[in-house]
Number of protein chains: 2
Amino acid sequence: LSAKPTLDVCLSPALLHLYDTRNAVVVIIDVFRATSTIAAALHNGAARVVPVASVEDCIAKGACTDNSITAGERDGKVAAGLQYGNSPLEYPAEFVRGKTLVLTTTNGTRLLHMVKDAAEIVTGSFVNLSAVCDFLVEQGKRVVLGCAAWKDRFNLEDTLFAGAVAHRVADHFSVTDDATRAARTLHAAAEGRPYIECLRDSSHYQRLSRYGLEHDMEHCTTPDIHPVLPILRGEDLVPYTATTV
Amino acid sequence: LSAKPTLDVCLSPALLHLYDTRNAVVVIIDVFRATSTIAAALHNGAARVVPVASVEDCIAKGACTDNSITAGERDGKVAAGLQYGNSPLEYPAEFVRGKTLVLTTTNGTRLLHMVKDAAEIVTGSFVNLSAVCDFLVEQGKRVVLGCAAWKDRFNLEDTLFAGAVAHRVADHFSVTDDATRAARTLHAAAEGRPYIECLRDSSHYQRLSRYGLEHDMEHCTTPDIHPVLPILRGEDLVPYTATTV
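Keep in mind that what you see is a predicted model, and the values were worked out from it rather than measured.

Engineer: Where do I start with the overall build of chain A in this structure?
Structural biologist: Helix and strand counts for chain A come out as ten helices and ten strands. Radius of gyration (C-alpha) of chain A: 17 Å, near the 18 Å computed for a compact globule of 245 residues. Dimensions along the principal axes, computed over C-alpha positions, put chain A at roughly 55 × 40 × 30 Å. By the burial criterion, 60% of the 245 residues in chain A qualify as buried. Residue pairs at least 24 apart in sequence account for 77% of intrachain contacts in chain A once pairs closer than 6 positions are excluded. As presented, chain A carries roughly 9700 Å² of accessible surface, and 50% of it is formed by carbon and sulfur atoms. Of the side-chain charges in chain A, 23 are positive and 29 negative, and the distance between the mean point of each set is 2 Å.

Laid out in structure tokens, this is it:
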């Protein structure tokens, strides 16, 4: 009888050093809105998404990439020098199909670039919940669910998603850390209500609703509307299929 | 109409830099077991508790302090060179009255020494829940509830206590951060059950129960059995009274 692999939840990038990500599957979680937008773009046919840290990197990468879109926001607006924003609704199939989306985001990209030596790095949000869970079970490796948080501060939406994943895959992993238990309790407390209802008093919901982004956030918390698994290959996030391994 | 002061929960010492503790009341929380033991000792008549970082400091401080007890554990046992352990049950009135308890603990002491420029530093656990809440309301200043955690890892018991405090004083403070909301949700999920029941699957409960400390932990989670407020004066924790201000 072999022991089940562990599943941990890292609540903030500032705590990532406490977790061993070597040879683990790491899920980058930035529900509002980077990892929701990445799933939307790939599900709608983008060839790849290139996450970059800064607006400058985004402009430079876009300039040397054919058929690319540069995108990113700062303070709720399209950043100066970029073409599009960070909303999953901006990337319908007729616009994004076959293109490379070069995307800069504050929290999600930073966390993604902090993870070293993982077996696989994928991105998750409610929009691709089942795709994430299926992959974790299929791989059968140790898992670290990494919440992008907000400037290193704990946030509810990423933790709630981590709790949803931990709940779904519970039979396949062992849990040893309290952060995972807390995420599952938060998820259980949300049971029976749409996720967005549990997030209306969260910091991020309040911040983004000042920019009129309520509909965006509802989209980001709707389970499985973008059933695709973004997986890191080199510097690109591409849709996972058996043949990309 | 003046705005209410804010109340924040800091889930780990590794996140303390994100919070502004200047002129705030900071509550150090290390339920299992430092801040439970500190309250027990002072409630039972100890003159003061001196928290120190290392076993060496504890021995040195004890050697130059009249009528002192040196105490601290490492790996569940009294540390070599010290006299007593880290259990609140080791410090009944007939033993501890009038003495100075020099106590070394790993997580709680470290966090206490990290906080700079606070208006007041006090310690809290379930055993002195009401005393903590009464003080926060009386002071009417910004509050940071600092969870000692476990080697920087989030833990359930400290967060549950922070949620209990946040719940009790909710009418007097404004909440802007998601960590406080999560702590309150964890506390709400525990409603109607003894706190210890909600903590039996926590990492720390499991660790300490291997040392046979179930009864200790039940004591540490019993509300208000040690109604005293330990407050930092210089390097000493002493019982707060109106005249100590």
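Engineer: Just to check I follow, could you spell out the relation of the copies chain A and chain B for this structure?
Structural biologist: Each of the two chain copies can be brought onto the other by rotation about an axis and movement along it. It takes a turn of 180° to lay chain A on chain B, together with a shift of 0.0 Å along the axis; the resulting RMSD is 0.0 Å. Taken together, the rotation and translation describe the operation of a two-fold axis. In this assembly, 100% of the residues forming the interface of chain A have copies in chain B that are likewise at the interface, indicating an isologous arrangement.

Engineer: Would you take a moment to explain the environment of K4 of chain B for this structure?
Structural biologist: Residue and element names in this part refer to chain B. You can see K4 is positioned in the segment before β1 (7-10). What makes K4 partly exposed here is its relative accessible area of 45%. Taking the C-alpha atoms as reference points, K4 and D171, 167 residues apart in sequence, are found 9.0 Å from one another. When sequence neighbours within four positions are dropped, the list of residues in contact with K4 reads D171, H172, F173 and S174.

Calculation notes
- Residues numbered from 1 in each chain as written.
- Chains lettered and ligands numbered in written order.
- Predicted model: local features only at pLDDT ≥ 70, side-chain atom pairs only at ≥ 80, totals over all residues.
- Heavy atoms only, no water.
- Helix = DSSP H or I, 4+ residues; strand = E, 2+ residues; numbered from the N terminus.
- Rg over C-alpha atoms; globule rule 2.2 N^0.38 Å.
- Buried < 20%, exposed > 50% of the residue type's maximum accessible area, 1.4 Å probe, protein only.
- Contact = heavy atoms within 4.5 Å.
- Areas by Shrake-Rupley, 256 points an atom, 1.4 Å probe, with all protein chains shown as cover.
- Lys, Arg positive; Asp, Glu negative; His and termini not counted.
- Charge placed at Lys NZ, Arg CZ, Asp CG, Glu CD.
- Least-squares fit on C-alpha atoms with pLDDT ≥ 70 in both.

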